[in-house]
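# Chain and residue survey
What follows is the residue order along each chain.
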Amino acid sequence: MTVFDDISLPLVAAPMAGGATTPALVTAAARAGALGFLAAGYRTPEDLAAQIAAVRGVPFGVNVFAPNPVPVDRAAFRRYAASLAPEAEALGLDLTGAEPVEDDDHWAAKVDLLLADPVPVVSFTFGLPPAGLVASLRRAGTAVVQTVTSLAEARAAAGLGVDALVVQSFAAGAHSGTLTPGAAIPEVPLPDLVSGIRAGVSLPIVAAGGLGTAADVARVLAAGASAAMVGTVLLRSPESGASAPHRAALADPARTGTVLTRAFTGRPARGLRNGFIERHDAEAPSGYPAVHHLTAPLRRAAAAAGDADRLHLWAGTGYRHATADPVATILARLAP
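The paragraphs below set out a description of the structure included in this document.

Parameters and conventions
Chains are numbered independently. Their residues run from 1 in the order of the written sequence. Totals for whole chains, interfaces and linings use all residues, but because this is a predicted model, local features are given only for residues with pLDDT of at least 70 and pairs of side-chain atoms are given and counted only at 80 or more. Water and hydrogen atoms play no part in the side-chain values, which are based on all heavy atoms of the structure. For helices the rule is a DSSP run of H or I covering at least 4 residues; for strands it is a run of E covering at least 2, with both sets numbered from the N terminus onward. Radius of gyration means the value over C-alpha atoms here, while the globule rule gives 2.2 Å times the residue count to the 0.38 power. Partly exposed residues are those whose accessible area sits between 20% and 50% of the maximum for their type, while under 20% is buried and over 50% is exposed, using a 1.4 Å probe and protein chains only. Every residue pair with non-hydrogen atoms within 4.5 Å of one another is taken to be in contact. Each accessible area is a Shrake-Rupley estimate made with a 1.4 Å probe; only the visible protein chains count as cover when residues are assessed. When charges are counted, Lys and Arg contribute as positive and Asp and Glu as negative, whereas His and the chain ends are disregarded. All charge positions are set by atom: Lys at NZ, Arg at CZ, Asp at CG, Glu at CD. Only when DSSP finds a minimum of two bridges between them are two strands counted as paired. Helix axes are fitted to C-alpha atoms over the stretch in contact, other axes to C-alpha atoms as well, and angles between N-to-C directions run from 0 to 180 degrees. Should an angle fall under 35 degrees it is called roughly parallel, over 145 degrees roughly antiparallel, and 65 to 115 degrees roughly perpendicular, with every other angle called oblique. Take the far helix as your reference; a near helix turned counterclockwise from it by less than a right angle gives a left-handed crossing, and one turned clockwise gives a right-handed crossing. Each residue is assigned to one of three groups, with Ala, Val, Leu, Ile, Met, Phe, Trp, Tyr, Cys and Pro labelled nonpolar, Asp, Glu, Lys and Arg labelled charged, and all others, Gly among them, labelled polar. Put simply, a salt bridge is a Lys or Arg side-chain nitrogen that is within 4 Å of an Asp or Glu carboxyl oxygen. This arc corresponds to the set of directions leading from the helix axis out to the C-beta atoms.

### Side note on the overall build of the protein
Broken down by element type, the protein carries 13 helices and 11 strands. Taking 20 Å as the expected radius of gyration for a compact globule of 336 residues, we find that the protein reaches 19 Å, a close match to that expectation. Over its C-alpha atoms, taken along the principal directions, the protein stretches across nearly 55 × 45 × 40 Å. Within the protein, the proportion of its 336 residues that are buried is 55%. For the protein, long-range pairs separated by at least 24 residues make up 67% of all intrachain contacts whose partners lie at least 6 apart in sequence. Carbon and sulfur atoms provide 54% of the accessible area of the protein, an area that totals close to 12,700 Å². Of the charged side chains in the protein, 25 are positive and 28 negative; the average position of the first set lies 3 Å away from that of the second.

### What to know about the sheet that holds strand E10 (residues 258-261)
Strands sit in the order E7-E11-E10 across an open sheet of three strands; the sheet is antiparallel. Looking at the sheet topology across the chains shown, the edges are occupied by strand E7 (174-175) and E10. Bridge analysis of E10 against strand E11 (residues 269-272) gives four bridges, and the strand direction is antiparallel. Following the sheet pairing, Thr258 is matched in E11 by Leu272.

### Description of the packing of helix H1 (residues 23-31) against helix H2 (residues 45-55)
Relative orientation of the contacting elements H1 and H2 amounts to 30°, with a least axis distance of 9 Å. When the axis of H1 is compared with that of H2, the two are roughly parallel. For the element pair H1 and H2, the recorded crossing hand is right-handed. Taking contact as the criterion, the partners of Pro23, Val26 and Thr27 in H1 are, on H2, Gln51, Ala54 and Val55. Split into classes, the residues belonging to the contact of H1 with H2 amount to four nonpolar, two polar and no charged.

### A word on the side chain of His292
Note on placement: His292 falls in helix H12 (residues 290-305). Accessibility expressed as a relative area gives 8% for His292, which makes it buried. What His292 contacts, discounting residues up to four positions off in sequence, is Tyr42, Phe264, Thr265, Gly287 and Arg299.

### So, the sheet that holds strand E5 (residues 143-148)
Strand order in the closed barrel formed by eight strands is E1-E2-E3-E4-E5-E6-E8-E9, with parallel pairing between adjacent strands. The sheet shows a mean angle of 25° between the axes of neighbouring strands, taken without regard to direction. Sheet analysis places strand E1 (residues 11-13) next to strand E2 (residues 35-39), joined by two bridges and oriented parallel. Residue Val12 lies in a different strand from E2, and its bridge partner there is Leu35. Taken strand by strand, H2 contacts E2 and strand E3 (60-65), and its axis lies near 165° from that of E3.

### Focus on the environment of Leu179
Structurally, Leu179 can be placed in the loop between E7 and helix H8 (190-200). Considering only alpha carbons, one finds Leu179 and Val201, 22 residues apart in sequence, at a separation of 17 Å.

### Structural notes on the pattern of salt bridges
If you walk through the whole model with that rule in mind, you get 11 salt bridges. For Arg279, the salt bridge identified is with Glu87, shortest N-O distance 2.6 Å. Pair noted here: Arg279 is in helix H11 (residues 275-280) and Glu87 is in helix H4 (residues 85-90), with a separation of 192 residues, a long-range link. Glu87 gets classed as buried once you look at its relative accessible area, which sits at 4%.

### Notes on helix H5 (residues 107-116)
Taken residue by residue, H5 has Trp107, Lys110, Val111, Leu113 and Leu114 as its buried positions. Across the axial projection of H5, the buried residues extend over an arc of 160°, all falling on one side. Opposite the buried face of H5, by more than 90 degrees, sit the exposed residues Asp112 and Ala116. Packing partners of the buried residues in H5 comprise H2, E3, strand E4 (121-125) and helix H6 (131-139).

### Describing helix H7 (residues 151-159)
Of all the positions in H7, only Glu153, Ala154 and Ala157 are classed as buried. The buried residues of H7 occupy an angular sector of 100° when the element is viewed end-on, so they sit on one face. The exposed set on the far side of H7, more than 90 degrees from its buried face, consists of Ala152 and Gly159. Among the structural elements, E5, strand E6 (164-168) and H8 are those in contact with the buried residues of H7. The first or second residue beyond H7 is Gly161, which carries a positive phi of 90°.

### A few points about the environment of Ile185
Inspection of the secondary structure puts Ile185 in the loop between E7 and H8. Of the residues examined, Ile185 reaches a relative accessible area of 18% and is grouped as buried. C-alpha of Ile185 to C-alpha of Phe4: the two residues are 181 residues apart in sequence and 29 Å apart in space.

In short, geometric facts, not functional conclusions.
Below, the structure is given as structure tokens:
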């Protein structure tokens, strides 16, 4: 992937959808010698275009959610909405009459934007893009990257003609990029996952999931990765768009661990354990993006109220290494 020729550190700043990744974070990562990714997820095409314009001039990529819907059972959705009513009421909201919203996050419009105004790198997660789209992006001069979580997924991505893989382990914060969100995510250590995929697929690999120290980065590079992707360790930086309660929770010694949960979005995602997860994880139905849209107003209200008990506190297993230093300082500390 030729974009690696433009970076001096074998590090990539992860695309963190929902506001955590900002143009300032992407620019700071690039100026430090790494590669930063804008997160197209949950943004309108107009917002994404503005963010792309803001980072032009430095190496960067754009991450897009490829459609891979998990339709929700309507009866299960209604039961879950009813169970969340007390949470909503505590934040001044009413979920009465909530109906499932099944959308594709403006897929077609975002693809059109990236073809009309090409960027250096486009990565896909959640699903596989059509092979024709991969070819069109590459003809436009864009390197194409696919997030995978297993050798089978890596082989499927390679068959599409992508340029590189993000190999993501179970330890990653926020949503898993698994192509089969209804199946259990194997707890394979990231270096082992990288080496196994490297042996089976001859594409450059960016290793992602739970990385918090230079030693972590060195281990995945030794396993065969070309670069390491980090996200959680950047969340407390000044350039991050993470909410104040999220930042505080990452530094709270009382937060003793992370957990994979469907409680917030209906798709497996890793975050700091909190009351919302404790109360609702067992009953949360599979269903993305319907459950995401159901809880989104609740989560926005919790962030505004400083209520970390009802907020999605996305974090990988290396969250203890997140500091309030500038992005450049954090990346320099992670460099092997």
